[in-house]
Amino acid sequence: MNIFVCVKQVPDTETKVQPNSDGSFIETNAIKWIMNPYDEFAVEQALLVKAANSDSTVTVLRVGSVKDTEALRTAMAMGADEAILVEAEDNLDSYMTAKALKGAIEKSGKTPDLILSGKQAIDSDALQVPQLLAQMLGLPSVSVVVGFEQNGDKLQIKREVEGGSLEVYEVTSPAVIACNKGINTPRYASLPGIMKAKKKPLTQLSLGDVSVSEEDRRVKYSDYKLPPEKPAGKKFEAMDEAQAPGVVKEVVGLLRNEAKVI
Amino acid sequence: MFELSEEQKEFKEMAMKFSRNEIIPVAQKLDEEGKFPQDIFKKAWELGLVNTSIPAEYGGAGFSNLDAVTICEALAYGCMGINTSIMANDLALLPIVIAGSHEQKEKFLKPFTEQFKIASFCLTEPNNGSDAAGIKTTFKDGGDHWIVNGEKMWITNAGYADLYVVYGTIDPNLKHKGISCLVVEKGAEGLEIGKKEDKMGHRASDTRSLRFNNVKVPKENMLQNPGEGWSIAMKTLDHSRPLVASSGVGGAQRALDCVVQYANERVQFGKTIGQHQALQMMIADMVMKIECSRLLVQKAAWLADNNQRNTDIASCAKAFATDSCMEITTNAVQIYGGYGYSKEYPVEKLMRDAKLLQIYEGTSQIQRLVIAREALRN
């Protein structure tokens, strides 16, 4: 099987994100990058599928800057066989990213049997790339996936919906499956795995190689700002029981008319 | 050098992730119950975090000493006691790595890379700690085997070990020239394993006494020749002291991280305690000593990696890093105040655990003797 996994590199969850000087993106200089946590589930699922299907290869794909290749190295240290990096600025929109991923799959020369990704990236939270990619490739896709069973080219996919219920789909592979927390427990990259990852092939492509240009851009990002600081909370004090009804009335009034939450 | 390689940074990151996710959440409970961390130990082995000294040709990963101390610091950050169990495997296997023949390495080291196995380093005796050359355990020539008699004390992993690397003497009158080193396998007849010690710290590690009653060990299990054990032990310690020192760095770093978090939260006299200069002096001392300790550890490991004599620097690293760890963890309790003395908070355990680092594998005082002897010789 040819298994592809799309991963994104995102700022570490503990990063204090700051807009850059012209507000066109976030300041990326001092950021520690990690693999998008939802993509770790996708890599793990790919490795599980590989283990169950002899002669399988796992190719991990990423679109982004080359400065730090943490996400791809982690995926290969976990056990992915090879990686393709499409070099690009980190501020592509979902459409460009999906188109670049499609191009990278085509350039690999392999026909995909399964494409996995995380359900969303924790930085931009757009939740679009897997579905766009599936559309571009003409493949079925299921997202927010928490259960995966394979029987030949039939996949039984469990998808989480509002209220904690599950939808069960039967999908014929190839398909694009976007994973959610709960589908598996991602393995650690072992130390020998980290050492072996150095010797695994990493192909680098440009946006031109995958026929993506600025003309493909659907969303232009500008004016990145931090959210306004939360105003200080208000404190209400009732010094004795006699004052309590009046204070309660005041709080209820403010919640209704000012905060508009009740 | 002044920067770890990209690969070493990844090792450190991975080991820290393991510490944070697997060790820290359970360390306090294992400490309280004095429970051996078998599951964590095995999981660490599966991920290549154990037996870092086994060379690649015998199935190991082929780590450098600098790799090993980097990994060790991260594991000790999680729990110095659990790290002791893990580190003890290396301490026990190092004599085989250093002095074993090709056949001995094939026979004894390789299985440790194929299966999860545990080993014990057996040097100390009830009446011989720092005076290691005075050990009383005897190896008597029995023809095609050695007959071992004696008692060993404070042996880490003793209750779970598959392999014991045992020091004894072929003749106590020969002093250090009689000392020899034998590999004894689990289940040897006449090998009695004592009860688990109830310790102040490192409570998750398994520490016991051992008694050898006419234990027959095949002749081919002796490392090098009879009487060459002393130099094997000394070379082993040159390699293992940087590891103990790096445990001190890990423990101290953990204490500092706890202190920084607390100092930014706790408010007294209308400001966070971190804004009070008295506390800043203490924190600055912690940072300085951790930085110095880590550099000493890295130098000691680097010297070993470059086949240069590191006896003095390894002892400097061991004494400085573990004494600093004791001071830093003690001050962490001081900064936490009443909370620090409570088992509800993490720092009292760090203080209890730090103490042992100043004692095992050569006390801080013995390290100073080594350092002074090396200095005076030049």
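Preceding block: the structure.
Given the structure is predicted, the values throughout are model-derived calculations rather than measurements.

Caption draft 1: Structural view of the overall build of chain A. When helices and strands are counted, chain A shows 6 helices and 11 strands. Taken along its principal axes, the extent of the C-alpha atoms in chain A is 80 × 45 × 40 Å. Counting the 262 residues in chain A, one finds 43% classified as buried. Long-range pairs, those at least 24 residues apart, make up 71% of the contacts in chain A with a sequence separation of at least 6. Taken as a whole, chain A presents about 14200 Å² of accessible surface, with 50% of it coming from carbon and sulfur. Distance between charge centroids for chain A: 1 Å, based on 31 positive and 37 negative side chains.

Caption draft 2: Representation of the overall build of chain B in the model. For chain B, the count of helices and strands is 11 helices and 10 strands. Taken against the 2.2 N^0.38 rule, which gives 21 Å for 378 residues, the C-alpha radius of gyration of chain B at 21 Å falls within 12% of a compact globule. The C-alpha extent of chain B, read off along each of the three principal axes, is 80 × 50 × 40 Å. By the burial criterion, 57% of the 378 residues in chain B qualify as buried. For chain B, restricting intrachain contacts to residue pairs at least 6 apart in sequence, the fraction spanning at least 24 positions comes to 75%. Summed over all atoms, the accessible surface of chain B reaches about 16300 Å², with 52% contributed by carbon and sulfur.

Caption draft 3: Here's a closer look at unusual backbone geometry. Here the amide bond leading from Ser173(A) into Pro174(A) is cis, since omega sits at 5 degrees, within 30 degrees of zero. Summarising the element assignment, Pro174(A) is placed in the loop between β9 (166–172) and β10 (176–179). Look at Lys175(B): it is not a glycine, yet its phi comes out positive at around 50 degrees. Looking at where Lys175(B) falls in the secondary structure, it is placed in the loop between β4 (163–169) and β5 (179–185). Take Lys175(B): its relative accessible area is 46%, and that puts it in the partly exposed class. At Asn307(B), a position not held by glycine, the phi torsion is positive, near 55 degrees. Since its relative accessible area comes to 74%, Asn307(B) is described here as exposed.

Caption draft 4: Inspection of the side chain of Asp206(B) at higher detail. Residues and elements named next belong to chain B. Secondary-structure assignment places Asp 206 in the loop between β6 (191–196) and β7 (207–218). Relative accessible area serves as the criterion here: at 0%, Asp 206 is assigned to the buried category. Engagement of the side chain of Asp 206 in a polar contact is seen with the backbone nitrogen of Gly 159, the distance being 2.8 Å. In terms of polar contacts, Asp 206 uses its side chain to reach the side chain of Arg 208, at 2.9 Å.

Caption draft 5: Spatial organisation of the interface of chain B and chain A. Across the boundary between the two partners, chain B contributes 17 residues, which contact 12 residues of chain A. Each partner contributes to the roughly 1300 Å² buried at the junction of chain B and chain A, and carbon and sulfur atoms together form 62% of this total. In this structure, the connection of chain B to chain A is made through 3 salt bridges. The salt bridge involving Glu10(B) is made with Lys198(A); its shortest N-O contact spans 3.1 Å. For the pair chain B and chain A, the interface holds 4 residue pairs in polar contact (both at pLDDT 80 or more). Sorting elements by how many residues they give to the side of chain B that touches chain A places helix α1 (residues 6–33) of chain B first, with 10 residues.

Cut-offs and rules
- Residues numbered from 1 in each chain as written.
- Chains lettered and ligands numbered in written order.
- Predicted model: local features only at pLDDT ≥ 70, side-chain atom pairs only at ≥ 80, totals over all residues.
- Heavy atoms only, no water.
- Helix = DSSP H or I, 4+ residues; strand = E, 2+ residues; numbered from the N terminus.
- Buried < 20%, exposed > 50% of the residue type's maximum accessible area, 1.4 Å probe, protein only.
- Contact = heavy atoms within 4.5 Å.
- Areas by Shrake-Rupley, 256 points an atom, 1.4 Å probe, with all protein chains shown as cover.
- Lys, Arg positive; Asp, Glu negative; His and termini not counted.
- Charge placed at Lys NZ, Arg CZ, Asp CG, Glu CD.
- Rg over C-alpha atoms; globule rule 2.2 N^0.38 Å.
- Polar contact = N/O pair within 3.5 Å; in protein donor to acceptor, adjacent residues only side chain to side chain.
- Buried area = accessible area lost by both parts, 1.4 Å probe.
- Salt bridge = Lys/Arg side-chain N within 4 Å of Asp/Glu carboxyl O.

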